[in-house]
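Listed below, chain by chain, are the residues.
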Amino acid sequence: MASEAPAAPPTRPPLEPGQVVDGYRLEERTHQGGMANLWRVVRAGADAPAEPLVMKVPRIKGGEDPASIVGFEVEQMILPALSGPHVPRFVAKGDFTGQPYIVMERIAGDSLKARFDVAPIPLDEVVTIGWKVATALHDLHRQHVIHLDVKPSNVMLRETGEAVLVDFGLSRHDRLPDLLEEEFELPMGTGPYMSPEQVQFVRNDPRSDLYALGVMLYHLATGARPFGAPTSVRGLRRRLWQDPAPPRALRAEIPPWLQEVILRCLEVQPARRHQSAAQLAFELQNPDQVVLTARADRTASSSRLAQLRRWFDAIGAEPASTGGATTQTARSPILLAALDVGGADPGLLEAVRDTVQRLLQTEPGARLACLAVMKTNLIGADDLLEADGSSRHVNLLVQLKHWAHPLMKALDLTGDQQSGRVTFHVLEASDAAGAIVDYARKNRVDHIVLGARSSGSLRRYLGSVSSQVAAESDCTVTVVRT
Amino acid sequence: MKIALITDLHANREAVEAVLGHAASRGAIRHAFLGDFVGYGADPGWVVDRVREFVSQGAAAVLGNHDQAVVQGPLPSMIPEARQVVEWTRAQLSGSQLDFLASLPMTAGGGDRLYVHANAYAPGEWGYVTGRMEAVRSLQATNARFTFCGHMHEPRLYHLTGTGKSGDFVPMAGTPIPLSMQRRWLVIPGSAGQPRDGNPAACYALFETDSATLTFHRVPYDVAAASAKIRSAGLPPRLADRLHHGE
């Protein structure tokens, strides 16, 4: 009973403009790539909505081409499972028994590739691109998918500003079979952007995407790629022991904090990178909270001796495996403790601290942002307070740090290695709850902890901050009572 | 069309009721029973009647090794515990129930689907698909795009490409998996009546034929009741205990 092998796809006549495929009229071929062509299409029929769509059609190079077929199969499996503003909306697909294609939303806007052609670019734009892409990656990771081919041509910017990730042909969904697992004998990815663990065939670590983003940020900031564009496996493996020239050595105006962030993305060990894309986005949005380590001061690549040592370490080293996108992202949450340090009852502040400490103990990858809101009046009549504003700001920071100190001590977070896990923020706002909710949303906070009531002025003037935060937040909220 | 794939029911009425109820609530309109309706559990008659009723309405059902053993009677090679269960089960079943089991085919299906209890390469020898090697052997022995089998009690999904690349996957309950037309698939839904992967909840799978989408499910059921019946029937207590732990 010999089996009939599933189709080497039959050769088809090339697609032509005007042709209708499964109800979609091809208008213009907009891109010709190595693996696939893109066509601008519309739904055929008089009353069809004139929604801008694109059809992706795999290029079958003579008979059978496992690489493009399996990659296309993977994308057909994963794209329909994704949603939200950071991916193109899936519309339809056709399998290899007929004309294979994927129809999806056409993103108005450009890929990032154009910006790389003119790199180095202004640093504030580097940072903005960085947090937009990190935000998109976090959204993807939360949907159980690791992209594994993050590069300039696979990131688009919507007209509304959000980064959109495209091309899921090498991606891994941690709740679906990995069709690529057995397929290739060479590492899968794009040479300059591939993480060291991908070079070693690991396909289940979301931090691989942060490495690729680090390569992009390095390139945008300096105009050079950290590891060039190797094409051989030997060339790819070099990144396991060589470190790139520090960005500040190539462009002096790069601030130490940005070098810290970029070089952290490029760490060989995933455990030494940011532990989630949200944590990276957080640092890019809060530069004053980036803890500077030796990475920030580096002025040259490490010595030959150090590289030799790493080369020995890299031989035969097996990368540690993680639980995949969901597990890794879930174990690296951002906690926000919102504290009325000036007004709340000391017992309540202590209770909040105990709760936060328990959460941090169970989540070794978690970060804690301690936040106080400095109330400003809606009517700017409070001149005395205005004049006094900066000292009030400092005072609140001092109190926040004082509040966190026992916790940091108990969890041994005061050392250099660990101190970046706790950050301090003072916001100025007339509406404390609104400010907390906004801040949490913008920084992809997973869990807000705050006290139930406050004996201070906030409660008298604004009612219950905690109930408003609980009602309006997108994330988990714990309201602590004594 | 949604087909419920239910296998290794093992005379566990509570588990089967829970699975059938879950499948109905998810819109299953067809059923395929992949064998081993009896053995281990305390309700062989009820389970056989239920399967027979579905078959009379068009469901597919195939023979399992436990069903065959009960039809044939105990073999000299059986360990005492197995012999005890086979004898007890035979005594519970009526002539017509035994006739129904005896009439079951080794394979069923048609079109792009094959239903078989153990594997497609030697269905009557009851060899286990314990890994990719046996899965590939089974996939190569049939033209069906989708093979559904039981016998192994742990849920698994195997796949094979036209170029001979194979893969295996431990499914996550509740996640719909689109089964690409580019490869062929071997689906093991896992045991309804005697789960063995450490999770006591009953296993089954739903296959949506139009989109070729497969979803594995786990359904909690009244383990205590099923277990108590095994004890009061005088069957080996080990069979009652293992239901609690799903092993």
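Residues numbered from 1 in each chain as written. Chains lettered and ligands numbered in written order. Predicted model: local features only at pLDDT ≥ 70, side-chain atom pairs only at ≥ 80, totals over all residues.

> Explain the overall build of chain B to me, using residue names and the numbers behind them.
On a plain count of helices and strands, chain B comes out with eight helices and twelve strands. Here the C-alpha atoms of chain B give a radius of gyration of 17 Å, agreeing with the 18 Å that 2.2 N^0.38 yields for 247 residues. Per-residue burial for chain B yields a buried fraction of 50% across its 247 residues. For chain B, long-range pairs separated by at least 24 residues make up 72% of all intrachain contacts whose partners lie at least 6 apart in sequence. (Helix = DSSP H or I, 4+ residues; strand = E, 2+ residues; numbered from the N terminus. Rg over C-alpha atoms; globule rule 2.2 N^0.38 Å. Buried ≥ 20, exposed ≤ 12 C-beta atoms within 10 Å, placed from the backbone. Contact = placed C-beta atoms within 7 Å.)

> So, the domain arrangement of chain A: which residues are in play, and what are the values?
Residues and elements named next belong to chain A. Domains assigned within chain A are domain 1 (20–105), domain 2 (113–178 + 187–328) and domain 3 (333–480). The partner domain 2 presents 16 residues to the 15 residues of domain 1 that form the contact. Within the side of domain 1 that touches domain 2, the residues separate by chemical class into eleven nonpolar, three polar and one charged. (Domains from an automatic or database assignment. Nonpolar A, V, L, I, M, F, W, Y, C, P; charged D, E, K, R; others polar.)

> Report on the confidence of the model for chain B, specifying residues and quantitative values.
Of the residues in chain B, 100% have a pLDDT of 70 or more, and the chain-wide mean is 95. For this predicted complex, the interface confidence comes out at an ipTM of 0.86, alongside a pTM of 0.82. (pLDDT = per-residue confidence, 0-100.)

> Give a description of the pairing of strand E2 (residues 30–33) of chain B that names residues and reports values.
On a regular strand, one side chain projects to one face of the sheet and the next to the other, so that they alternate. All names here are of chain B. Of the pairings in the sheet, the one linking strand E1 (residues 2–6) to E2 comprises four bridges and is parallel in character. Each residue of the ladder has a partner; that of Ile 3, found in E2, is Arg 30. Here E2 runs beside strand E3 (residues 60–61); their pairing, made up of two bridges, is parallel. Its bridge partner lying in E3, Phe 33 is registered against Ala 61. (Pairing = 2+ DSSP bridges.)

> Please provide a residue-by-residue account of the packing of helix H3 (residues 65–72) of chain B against helix H5 (residues 95–102) of chain B, values included.
Residues and elements named next belong to chain B. It is at 9 Å that the axes of H3 and H5 come closest, and there the two elements cross at 130°. Here H3 is positioned oblique relative to H5, judged by the angle of their axes. The interaxial crossing formed by H3 with H5 has left-handed handedness. Every residue of H5 that contacts H3 at Asp 67, Val 70 and Val 71 is listed here: Leu 98, Leu 101 and Ala 102. (Axes fitted to C-alpha atoms, helices over the stretch in contact; angles between N-to-C directions. Parallel < 35°, antiparallel > 145°, perpendicular 65-115°, else oblique. Left-handed = near helix turned anticlockwise from the far one by under 90°.)

> Just give me the short version of helix H1 (residues 13–25) of chain B, but keep the residues and values in it.
Residues and elements named next belong to chain B. For H1, built from 13 residues, the straight-helix expectation of 18 Å at 1.5 Å per residue is met to within 8% by its first-to-last C-alpha distance of 18 Å. When we look at burial in H1, the residues that qualify are Arg 13, Glu 14, Ala 15, Val 16, Ala 18, Val 19 and Ala 23. As for H1, its buried residues are in contact with E1, helix H2 (44–56), strand E11 (202–208), strand E12 (213–219) and helix H7 (223–232). Immediately downstream of H1, the backbone of Gly 27 shows phi near 90°, a positive value. (Expected span 1.5 Å × (residues − 1).)

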